[in-house]
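Close look at the chain arrangement
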Amino acid sequence: MSILSMQGVTKRFGDITAVDRLDMHVAPGEIFGFLGGNGAGKTTSLRMILDIIRPTEGRIAVLGEAPGQEHADRIGFLPEERGLYPSMKAIDTITYFGRLKGMDAATARAEGMALLERFDLAERATSPIADMSKGMAQKVQLATALVNRPDLLILDEPFSGLDPVNQQLLEAEIVRAARRGAAVVFSTHIMQHAERLCDRLLILRRGVKKFEGDLAAAQGLVPPTVRLTARADLAARPGIAAARILGRDGDWTRYEVDLSPDNDPGTLLETLTREGVLLRDFEARHAALHDIFVHLVGSEPQGEAA
Ligand SMILES: Nc1ncnc2c1ncn2[C@@H]1O[C@H](COP(=O)(O)OP(=O)(O)O)[C@@H](O)[C@H]1O
Ligand SMILES: [Mg+2]
């Protein structure tokens, strides 16, 4: 069962194809990451799901139907461009959004206060947005997306503009929403968040899907490596496959070695021991999502416009 799906969705703006024949699906309770660099088509995709803009071609199903207003009360949305009424108080802002989603005022207010408590903002409930820091205002905006306990929560670059403590708080809130059964779709160009959070993820490059699946499947695309620190010149040793130098520390050199079916961590360690190489540390690791992204997209996620 899917709560959200796209079939052959294309969006053109004049000559620009922002999203190119995109297929994807998201299940209830799933945390789904929309990953891509600047201009990859993330915001355009999320806006089509929300019916803010219409696809040029293709089909989108949200909660079993075409995107549209009738679902508003079951969806929560944090837009990339944040903005609230500066003169409105925090709790009134959240209550107002709750009312727009069909909640009665008392319930919206109570839920709003509960959210402000969790966000460590309870004592600022009656502060106007204009008097708040950027991070605080962003938490209020997040609360407006959560107030109706949506079945589908869509967050466009939710981590940007938050300090590390609030980024953690946001991660906890995403997990919390998924645990109560909501599907959470968020976009980011910061791979670490996606790596920790996502049940499944999608990588976009210039509007084209390069990957959709879980982290384990993504890791399967890039060979695992061993990182080790040795007091030896590994380049001079036959039998040790391509070792890249990561750095030096006195007599010690940090290396990264690619693994393969006939060079697994056990075999590599055996070889090193047999050759009498002094080791300070030795760690087998899967490719980080960042490396997988670079492998698939050919540039850094924070890199120049795609
Ligand atoms: N309203 C618009 N008019 C023209 N071009 C647009 C519009 N919105 C987005 N684009 C273009 O579509 C591409 C994808 O943009 P966007 O979806 O915002 O990417 P992302 O959110 O991944 O950074 C970019 O080339 C962008 O310039
Ligand atoms: Mg965007």
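Note that the structure is predicted; figures quoted are calculated from it, not measured. (Residues numbered from 1 in each chain as written. Chains lettered and ligands numbered in written order. Predicted model: local features only at pLDDT ≥ 70, side-chain atom pairs only at ≥ 80, totals over all residues.)

1. With respect to the domain arrangement of the chain
We count it as follows: The domain limits used here are those given by an automatic or database domain assignment.
What the domain assignment reports for the chain is domain 1 (4–219) and domain 2 (225–286). In this structure, domain 1 and domain 2 have C-alpha centres spaced 43 Å apart.

2. As for the pairing of strand β9 (residues 208–213)
Regular strands show a simple pattern: their side chains alternate between the two faces of the sheet. Operational definition: Criterion used throughout: strands pair if DSSP finds at least two bridges between them. Comment: elements are numbered from the N terminus, with helices defined as DSSP H or I runs of at least four residues and strands as E runs of at least two.
In this sheet, β9 lies alongside strand β8 (residues 200–205) in antiparallel orientation, the contact comprising 5 bridges. For L201, the partnering residue across the bridge sits in β9 and is G213. Between β8 and β9, which pair antiparallel and follow one another directly, the connecting turn spans 2 residues, one of which, R206, has a positive phi of 45°.

3. So, the site of ligand 1
Operational definition: Only the C-beta atom, placed from the backbone, is used; a residue is near a molecule or strand if that atom lies within 6 Å of it.
Ligand 1 sits among F13, I16, A18, G36, N38, G39, A40, G41, K42, T43 and T44. Those elements that provide at least two residues to the shell around ligand 1 are β2 (16–26) and α1 (42–49). No other element matches α1, which puts 3 residues into the shell around ligand 1.

4. Observations regarding α1
The line we're drawing: Comment: burial labels come from other C-beta atoms within 10 Å of the residue's own C-beta, placed from the backbone, where a count of 20 or more is buried, 12 or fewer is exposed, and between is partly exposed.
The buried fraction of α1 amounts to 8 of the 8 residues, a majority that puts the element mostly inside the structure. Those residues of α1 that fall on the buried side of the exposure criterion are K42, T43, T44, S45, L46, R47, M48 and I49. Residue D51 follows α1 closely and has a positive phi angle near 65°.

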